[in-house]
Amino acid sequence: MIQLHYFPSTASMVPHILLEELGLPYERVLVDRTHDVQKTTAYLKLNPNGLIPVLRDGDLVLYETAAICLHLCDTHPASGLAPAAVGSVERAHFYKWLMWLTNTLQATLIAYFYPERWVNAGNAAGAAEVKQHAEIRVNNLLKQLDNELARHG
């Protein structure tokens, strides 16, 4: 059975939604960040970066949200969640938006929600500045997404 190692309000949300859309049986395995479970030896064997999510599919252990999503779409092509024709314009745009989600929007959201990670410990003013800049960027990214969705009706 597929296992999704997750924590609420993390990058595990996208694979979780995808598993639900696919209607696949899977088990959610909580990685309790409040107790630093992602830093334990056992979890680091799954993902040496100590990040969430991780997907186990049989013997396959996979991390990185985009890789997990591509794997699920590729192993369940009948779902139609990814354009079927590799090398097509449609598939290229699918890749673009998936990478945008995981590498652009998600990264900016991390800076917004966890600005203290980008400054020295105790630098509240610096963290506030990081958050302010990230908020402006998030707003612009969400406008970009809104425009793209509106373009497709």
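Right, let's walk through the structure included here. (Residues numbered from 1 in each chain as written. Predicted model: local features only at pLDDT ≥ 70, side-chain atom pairs only at ≥ 80, totals over all residues. Heavy atoms only, no water.)

Attention now goes to the pattern of salt bridges. One pass over the structure, following the stated rule, counts two salt bridges. Across the pair Arg-91 and Asp-74 runs a salt bridge, and its minimum N-O distance is 2.6 Å. Separated by 17 residues along the polypeptide, Arg-91 in helix 4 (residues 89-113) and Asp-74 in helix 3 (residues 65-75) bring together distant segments of the chain. By relative accessible area, which is 44% here, Asp-74 ends up partly exposed. A salt bridge links Glu-148 to Arg-151; the shortest N-O distance between them is 2.9 Å. Here the residue Glu-148 and the residue Arg-151 both occupy positions in helix 5 (residues 124-151), the gap between them amounting to three residues, near one helical turn. (Salt bridge = Lys/Arg side-chain N within 4 Å of Asp/Glu carboxyl O. Helix = DSSP H or I, 4+ residues; strand = E, 2+ residues; numbered from the N terminus. Buried < 20%, exposed > 50% of the residue type's maximum accessible area, 1.4 Å probe, protein only.)

Counting residues in each nonpolar core, the largest one holds 20 residues, and the members touching the most others are Ile-2, Leu-19, Leu-55 and Leu-72. Every element with two or more residues in this core is listed here: strand 1 (2-6), helix 1 (13-22), helix 3 and helix 4. Not counting chain neighbours up to four residues away, the residues in contact with Leu-55 comprise Ile-2, Gln-3, Leu-4, Leu-19, Leu-60, Val-61, Leu-62, Ile-68, His-71 and Leu-72. Residues Phe-7, Val-31, Tyr-43 and Ile-52 belong to the second largest nonpolar core, which totals six residues. (Core = buried A, V, L, I, M, F, W, Y, C linked by side-chain atoms within 4.5 Å. Contact = heavy atoms within 4.5 Å.)

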